[in-house]
Amino acid sequence: ESVLLKLGKGPSMVALFTSLYDMKGLLHAKISPSNGNNIIAALVQSASVLLQRGRNGLDTDINTYLNQSSTRTEFLRAAWVSVLEESDYDPAKCKILYNIQRCSSRIGQLINDYFDIDRGQLQDFDRTVASAHWLLLAREARGDDSDLLRALWSGSEGGREKYVALLKKYEIKRVLSTMIKDSLVRIITSIREAELDKDEKAVLIAWHHMSLIHFSSEVHDAGQLAPFLESVENLILKY
């Protein structure tokens, strides 16, 4: 967004495609052409999704929004899987890790939006960008509150205080927290059941468990993360 504002659409597009062309040459020098093409295609897809997210409104379904967040990070998964494949890592495990990260990226977006409220930043409100809290409010608000929310989306003055009041009235912070906790529990369960080595599971579970401790009042024992460092050391020695 800032590049477009500073340079304009034309120079920005030239810079984007020049960068992609240069990156393609670099990738093909380091990894196989097919994997390099996969990463470039995923980057182009990411740019397309970013444009779509900029067009989202209050009628956008929250699952669509979260799917966009996952697609936006597809190039990361393409890069990781490419490196693992060319390191002769088990292809079946590559697929498992890919799917875990795809689910995790949705949770990560919810966490970002939660902290946008929790820390009082409300950056998405200030920029009128659809986020989980905007979309949850649009789903929950009724009557005059729904009309007020749409007025705030249109830029009604003094809107921040009114928006905060709506967030509190409909307990959006609590709703987000519950969504995050439930998602973390599901992904941790799926990791436990995955066909991965003990150390691989321990690292992945610990990574997600660190977030779960924050969002789940039922989890008090940070000692559950104790196997993490040992497993990291074992994996470094193994690979």
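Residues numbered from 1 in each chain as written. Predicted model: local features only at pLDDT ≥ 70, side-chain atom pairs only at ≥ 80, totals over all residues. Heavy atoms only, no water.

To continue, consider the overall build of the chain. For the chain, the helix and strand inventory stands at 13 helices and 0 strands. Put simply, the chain runs from its N terminus to its C terminus through helices and strands in the order α-α-α-α-α-α-α-α-α-α-α-α-α. When burial is assessed residue by residue, the chain has 39% of its 239 residues classed as buried. The contacts of the chain with a sequence gap of at least 6 include a subset with a gap of at least 24, amounting to 65%. With the model as given, the accessible surface of the chain reaches about 14,100 Å², and the carbon-plus-sulfur share is 56%. (Helix = DSSP H or I, 4+ residues; strand = E, 2+ residues; numbered from the N terminus. Buried < 20%, exposed > 50% of the residue type's maximum accessible area, 1.4 Å probe, protein only. Contact = heavy atoms within 4.5 Å. Areas by Shrake-Rupley, 256 points an atom, 1.4 Å probe, with all protein chains shown as cover.)

Running from N to C, helix H5 (residues 74–86) and helix H6 (residues 91–118) point in directions that differ by 160°, and their axes come no closer than 10 Å. Relative to H6, H5 is oriented roughly antiparallel. Taken as a pair, H5 and H6 cross one another with a handedness that is right-handed. Contact residues: Glu74, Arg77, Trp80, Val81, Leu84 and Glu85 in H5; Cys94, Leu97, Tyr98, Gln101, Arg102 and Ser105 in H6. (Axes fitted to C-alpha atoms, helices over the stretch in contact; angles between N-to-C directions. Parallel < 35°, antiparallel > 145°, perpendicular 65-115°, else oblique. Left-handed = near helix turned anticlockwise from the far one by under 90°.)

Now for the packing of aromatic side chains. With the rule as written, the count across this model stands at 7 aromatic pairs. Both rings, one in Tyr114 and one in Phe115, keep their centres 5.3 Å apart while their planes meet at 85°; by these two values the pair is edge-to-face. Each member of the pair Tyr114 and Phe115 is classed as buried. An aromatic cluster is built from Phe125, Trp134, Trp153 and Tyr163, whose rings are joined through pairwise contacts. One cation-aromatic arrangement involves Arg77 over Tyr98; the distance from NZ or CZ to the ring centre is 5.5 Å. Seen from the ring of Phe115, Arg119 lies directly overhead, with NZ or CZ sitting 4.3 Å from the centre. (Phe/Tyr/Trp six-rings, centres within 6.5 Å; stacked < 30°, edge-to-face > 60°. Lys NZ or Arg CZ within 6 Å of the ring centre and 35° of its normal.)

This part takes up the packing of H6 against helix H11 (residues 172–192). Between H6 and H11, the shortest axis-to-axis distance is 10 Å and the interhelical angle comes to 155°. Our classification of the angle between H6 and H11 gives roughly antiparallel. Remark: the crossing between H6 and H11 carries left-handed chirality. Where H6 approaches H11, its residues Ile100, Cys103, Ser104, Ile107, Leu110, Ile111, Asp113, Tyr114, Ile117 and Asp118 are matched on the opposing element by Ile172, Lys173, Leu176, Ser177, Met179, Ile180, Ser183, Leu184, Ile187 and Ile191.

Leu137, Leu149, Tyr163, Ile172, Leu176 and Ile180 are the most contacted members of the largest nonpolar core, which totals 41 residues. Looking at this core, the elements that each hand over two or more residues are helix H4 (62–72), H6, helix H8 (132–140), helix H9 (144–153), helix H10 (159–169), H11 and helix H12 (198–215). Per-element tally for this core: the top contributor is H11, with 8 residues. In terms of nonpolar packing, the next biggest core, distinct from the first, is built from 8 residues, Ile31, Ile40, Ala42 and Leu43 among them. (Core = buried A, V, L, I, M, F, W, Y, C linked by side-chain atoms within 4.5 Å.)

This part covers H12. Counted at 1.5 Å a residue, the expected span for H12 with its 18 residues is 26 Å, and the 25 Å between its end C-alpha atoms agrees. Along H12, the sharpest kink reaches roughly 30°, centred on His209. Here H12 has its buried residues at Glu200, Lys201, Ala202, Val203, Leu204, Ile205, Ala206, His208, His209, Leu212 and Phe215. (Expected span 1.5 Å × (residues − 1). Bend = angle between axes of the 7 residues up to and from the residue.)

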